[in-house]
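Residues per chain are reported as follows:
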2 protein chains.
Amino acid sequence: MPVDVRIVEVGPRDGLQNEKTLVSTADKIELIDRLSATGLRSIEATSFVSPKWVPQLADAAEVYAGIERRPGIAYPVLVPNETGYDRARAAGVAEIAVFTAASEAFNRTNINASIAESLQRFTPVLDRARADGVRVRGYVSTVLGCPYQGAVPVADVVRVARALHEMGCYEISLGDTIGVGTPAAARAMLRAVAAEVPMPALAVHFHDTWGQALANVLACLEEGVAVIDSAVSGAGGCPYAKGASGNVASEDVVYMLHGMGVRTGIDLDRLAETGNWLASKLGRASGSKVGQALAARG
Amino acid sequence: MPVDVRIVEVGPRDGLQNEKTLVSTADKIELIDRLSATGLRSIEATSFVSPKWVPQLADAAEVYAGIERRPGIAYPVLVPNETGYDRARAAGVAEIAVFTAASEAFNRTNINASIAESLQRFTPVLDRARADGVRVRGYVSTVLGCPYQGAVPVADVVRVARALHEMGCYEISLGDTIGVGTPAAARAMLRAVAAEVPMPALAVHFHDTWGQALANVLACLEEGVAVIDSAVSGAGGCPYAKGASGNVASEDVVYMLHGMGVRTGIDLDRLAETGNWLASKLGRASGSKVGQALAARG
């Protein structure tokens, strides 16, 4: 179990892009500014994927221009290709994230490419990022299951994670995109990847579709992972199961970590207030039990 | 990690007694009959606590008389004292559960007795149960925190659990009544109790008030516990935090166990259907993420 854990807050990006309710640009900026005041060190701000695919984040440039970028906090943005990279750089972005899937079927279906082709498509982005001094985070999705092919071989997860690391990603986030995994599988997957990519360069990213997210986080902490992606208020959803739960809630992860004496540097009360504020903007109850309990307490 | 786990379904009792919505006697009977068809081996049916304290379960005798009691399934009922024992026996009950708290302040506030006095009050009930061949399960509540005194010393949990075991309870359920515990504390508490009471005689009972329930279950499974209390649809609530979440959802526990190759004998689809049916009777979304995901899938 690590002594310090870094939370990568993905609510403004992975959360909001999967919410039905559109959030205004001003509210997105307020969300990120509020998050910046909680002690978080990494806040994924938005996505420069084409608005055609992600209309929820069509205002990426405005959001990035509008937020207060505090020293010591990273504000990565998602970038799918060189066009996205150009837009992100024009907006002044200093850190990006690229993404691919460990599932051949997922890549085929979503971007009409094999895993190998998908990785090749990053090469120019990563080359330019390196030249520009832009840090790059890598996402591997469908690490514990795929909506198209079902099971995903651990060897494929390892291969993709290693490739992203070799291509220069400083950190690889391993994502259970459809939230189907259970702790033993999560642990085995992480262990296999950590045999090829150093654990300090790995993060885990769980969705709570089947209620397993926090238990999976615990199993991975016990394996030594020290970076966890989560979304305030449990924002998000699952595009493959309408109405299902979203990302694991940051509040619930932080509550667990602090309860176990693991440091995050985060002010949990302030984080939960932000989560409940976001829930009110989304017109629903918080997806965080901690947020619900604090709201119930009044 | 155990190979087989027994789920003690507490939805009809601990769940319904903490739900705002009253469920009709006929629906309670249908709930238990549906649960009996899922493969569950223990279903806590109701409570013979005074209707003055638990109006939701005032129909305990009618419910117990109305259910189909299948061979091989235990249908324990909660009994607070000899009056409750008399009512339960008159209804034909063959297994009971008694309860106390590990917190002095909780006992003082709720039943105006010290822990020692509370245990003394059971003595006649346990004596009669022994003479009648009635099996007795024991609950220890507030094992990881108390709404009145805050922290609860592990030594007090151990003392109360050992006393119940010595008094003849075949199984002791260790309950985080207010759902505040985190995995390291849950693990340490269980380990301390298991040093005095054999692990096969222990169960764990988590509420999801702060979102930690399934992670706590996982930690306790890793310590070797093989009996888990849970409530279908995550029924219940927390009397100390209005609007907060209830018991850990049976569906989510079973999903996790089956995903890790642990056997329960339960048909998860049938269990989740029952949970979603109960949620419809309670007029709310299921408190089980598995139930929600299945409903979203349609």
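Above this note sits the structure.
For clarity, every value in this text was computed on a predicted model and none was experimentally measured. (Residues numbered from 1 in each chain as written. Chains lettered and ligands numbered in written order. Predicted model: local features only at pLDDT ≥ 70, side-chain atom pairs only at ≥ 80, totals over all residues. Heavy atoms only, no water.)

Q: Outline the interface of chain A and chain B, supporting the account with residue identities and numerical values.
A: Between chain A and chain B, the contact holds 32 residues from the first and 32 residues from the second. With both sides pooled, the region where chain A packs onto chain B buries about 2,600 Å², and carbon together with sulfur makes up 62% of that total. Three residues, Trp210, Tyr255 and Lys289 of chain A, lead the burial of chain A against chain B; their summed loss comes to 27% of the area buried on that side. In this structure, Glu222 of chain B and Arg187 of chain A form a salt bridge, with 2.7 Å as the shortest nitrogen-oxygen distance. At the boundary of chain A and chain B, one finds 11 residue pairs in polar contact (both at pLDDT 80 or more). Those elements giving two or more residues to the side of chain A that touches chain B turn out to be helix 8 (183–194), helix 9 (213–223), helix 10 (250–259) and helix 12 (289–297) of chain A. Ranked by residue count, the leading element in the side of chain A that touches chain B is helix 12 of chain A, at 7 residues. Class assignment of the residues belonging to the side of chain A that touches chain B gives a composition of 17 nonpolar, 8 polar and 7 charged. (Contact = heavy atoms within 4.5 Å. Buried area = accessible area lost by both parts, 1.4 Å probe. Salt bridge = Lys/Arg side-chain N within 4 Å of Asp/Glu carboxyl O. Polar contact = N/O pair within 3.5 Å; in protein donor to acceptor, adjacent residues only side chain to side chain. Helix = DSSP H or I, 4+ residues; strand = E, 2+ residues; numbered from the N terminus. Nonpolar A, V, L, I, M, F, W, Y, C, P; charged D, E, K, R; others polar.)

Q: Pulling in residues and values, what's your account of the sheet that holds strand 7 (residues 171–176) of chain B?
A: Residues and elements named next belong to chain B. The sheet built from 9 strands is open, its strands ordered 2-1-9-8-7-6-5-4-3 with parallel pairing. Because the sheet does not close on itself, it has two edges, and the strands there are strand 2 (42–43) and strand 3 (46–47). Relative to strand 7, strand 6 (residues 135–141) is paired through 4 bridges, and the arrangement is parallel. Counterpart to Arg137 in the pairing with strand 7 is Glu171. (Pairing = 2+ DSSP bridges.)

Q: Talk me through the pattern of salt bridges; I want residue IDs and the actual numbers.
A: All names here are of chain B. Under the criterion given, the structure shown has 48 salt bridges over all chains. In this structure, Glu95 engages Arg135 in a salt bridge whose closest nitrogen and oxygen atoms are separated by 3.5 Å. Taken together, the residues span a long stretch of sequence, with Glu95 in strand 5 (residues 95–101) and Arg135 in strand 6 at a distance of 40 residues. Exposure remark for Glu95: the relative accessible area of 6% places this residue in the buried category. (Buried < 20%, exposed > 50% of the residue type's maximum accessible area, 1.4 Å probe, protein only.)

Q: I'd like a description of the packing of helix 6 (residues 115–132) of chain A against helix 7 (residues 154–166) of chain A, backed by residues and values.
A: Residue and element names in this part refer to chain A. One can describe the packing of helix 6 onto helix 7 by two numbers: an axis separation of 11 Å at closest approach and a directional angle of 15°. Here helix 6 lies roughly parallel to helix 7, going by the angle between them. Considering how the two elements wind past one another, helix 6 and helix 7 form a crossing that is right-handed. Touching Ile115, Leu119 and Phe122 of helix 6 are Arg159, Val160, Ala163 and Leu164, all from helix 7. (Axes fitted to C-alpha atoms, helices over the stretch in contact; angles between N-to-C directions. Parallel < 35°, antiparallel > 145°, perpendicular 65-115°, else oblique. Left-handed = near helix turned anticlockwise from the far one by under 90°.)

Q: Tell me what's going on with unusual backbone geometry, and back it up with residues and numbers.
A: All names here are of chain A. The backbone phi angle of Thr142 is positive, close to 55°, even though this residue is not glycine. Its identity as a non-glycine residue notwithstanding, Ser233 has a phi of 70°, on the positive side. Structurally, Ser233 is set in the loop between strand 9 (227–230) and helix 10. Accessibility expressed as a relative area gives 0% for Ser233, which makes it buried.

Q: Tell me about the side chain of Arg137 of chain A, residues and numbers included.
A: All names here are of chain A. Tracing the backbone shows Arg137 in strand 6 (residues 135–141). Overall, Arg137 belongs to the buried group, its relative accessible area being 1%. Only 2.7 Å separates the side chain of Arg137 from the side chain of Asp229, close enough to count as a polar contact. Ignoring anything within four residues of it in the chain, the contact list for Arg137 reads Val8, Glu95, Ile96, Ala97, Val98, Cys169, Tyr170, Glu171, Ser173, Ala203, Val227 and Asp229.

Q: Would you mind going over the packing of helix 7 of chain A against helix 8 of chain A in detail, with residue names and values included?
A: Residues and elements named next belong to chain A. Where helix 7 contacts helix 8, the two axes come as close as 9 Å, and the packing angle between them is 40°. Taken as axis vectors, helix 7 and helix 8 run oblique relative to one another. Crossing of helix 7 over helix 8 shows right-handed handedness. Residues Val154, Val157, Val158 and Ala161 of helix 7 lie in contact with helix 8, whose contacting residues are Met189, Ala192 and Val193. Its residues assigned to classes, the contact of helix 7 with helix 8 comprises 7 nonpolar, no polar and no charged.

Q: Describe in detail the packing of aromatic side chains, supporting the description with residues and values.
A: Aromatic ring pairs are defined here through the distance separating the ring centres and the angle between the ring planes. Applying the stated criterion across every chain yields a total of 4 aromatic pairs over all chains. Seen in terms of ring centroids, Trp210 of chain A and Tyr255 of chain B are 5.1 Å apart; in terms of plane orientation they differ by 15°. Their pairing is stacked. Of this pair, Trp210 of chain A sits in the loop between strand 8 (202–206) and helix 9 while Tyr255 of chain B sits in helix 10 (residues 250–259), each in a different chain. Overall, the relative accessible area of 8% leaves Trp210 of chain A in the buried class. A cation over a ring is seen here: Arg13 of chain A above Tyr139 of chain A, with NZ or CZ 5.3 Å from the ring centre. (Phe/Tyr/Trp six-rings, centres within 6.5 Å; stacked < 30°, edge-to-face > 60°. Lys NZ or Arg CZ within 6 Å of the ring centre and 35° of its normal.)

Q: So what's going on with the nonpolar core? Which residues, and what values?
A: Ranked by size, the top nonpolar core spans 208 residues in total, and within it Ile96 and Leu174 of chain A together with Ile96 and Leu174 of chain B carry the most contacts. Setting aside residues up to four positions removed in sequence, Ile96 of chain A forms contacts with Val77, Val79, Tyr85, Val125, Ala129, Val134, Arg135, Val136 and Arg137 of chain A. (Core = buried A, V, L, I, M, F, W, Y, C linked by side-chain atoms within 4.5 Å.)

Q: Break down the sheet that holds strand 6 of chain A for me, citing the residues and quoting the values.
A: Within the open sheet, the 9 strands sit side by side as 2-1-9-8-7-6-5-4-3 (chain A). Their pairing is parallel. Two strands bound the open sheet, and with one partner strand each, they are strand 2 (42–43) and strand 3 (46–47) of chain A.

Q: I'd like a description of the relation of the copies chain A and chain B, backed by residues and values.
A: Overlaying chain A with chain B gives an RMSD of 0.0 Å, the required rotation being 180° about an axis along which the chain moves by 0.0 Å. The transformation relating the two chain copies, once decomposed into turn and shift, fits a two-fold axis. Scanning chain A for the C-alpha nearest the rotation axis identifies Ala215 of chain A, at a separation of 2.1 Å. Comparing interface residues between copies, 100% of those in chain A also lie at the interface in chain B; the contact surface is shared. (Least-squares fit on C-alpha atoms with pLDDT ≥ 70 in both.)

Q: Describe in detail the environment of Leu164 of chain A, supporting the description with residues and values.
A: Residue and element names in this part refer to chain A. On the secondary structure map, Leu164 appears in helix 7. The spacing of Leu164 and Asp14 is 150 residues in sequence and 20 Å in space, taken between C-alpha atoms. Setting aside anything within four residues of it in sequence, one finds Leu164 in contact with Val98, Thr100, Leu119, Phe122, Gly138, Tyr139, Val140, Cys169 and Ile172.

Q: Explain the pairing of strand 7 of chain B to me, and be specific about the residues and the numbers.
A: Residue and element names in this part refer to chain B. Most of strand 7 is tucked away, with 6 of its 6 residues classed as buried. Side chains Glu171, Ser173 and Gly175 of strand 7 all project onto a buried face; the interleaved residues Ile172, Leu174 and Asp176 project onto the opposite face, where all are buried too. Of the crossover connections in this fold, the one passing from strand 6 over helix 7 (residues 154–166) to the parallel strand 7 is right-handed. Pairing between strand 7 and strand 8 (residues 202–206): 5 bridges, direction parallel. By the bridge assignment, Ile172 is partnered in strand 8 with Leu202. Where the polypeptide runs from strand 7 across helix 8 (residues 183–194) and back to strand 8, its parallel neighbour, the crossover connection is right-handed. (Right-handed = clockwise from strand over helix to strand, strands pointing away.)

Q: Give a description of the side chain of Arg187 of chain A that names residues and reports values.
A: With respect to the helices and strands, Arg187 of chain A occurs in helix 8. Residue Arg187 of chain A is classed as buried on the basis of its relative accessible area of 18%. For Arg187 of chain A, the side chain forms a polar contact with the side chain of Glu223 of chain A, separated by 3.3 Å. Once residues within four sequence positions are removed from consideration, Arg187 of chain A is found in contact with Ala219, Glu222 and Glu223 of chain A together with Glu222 of chain B.

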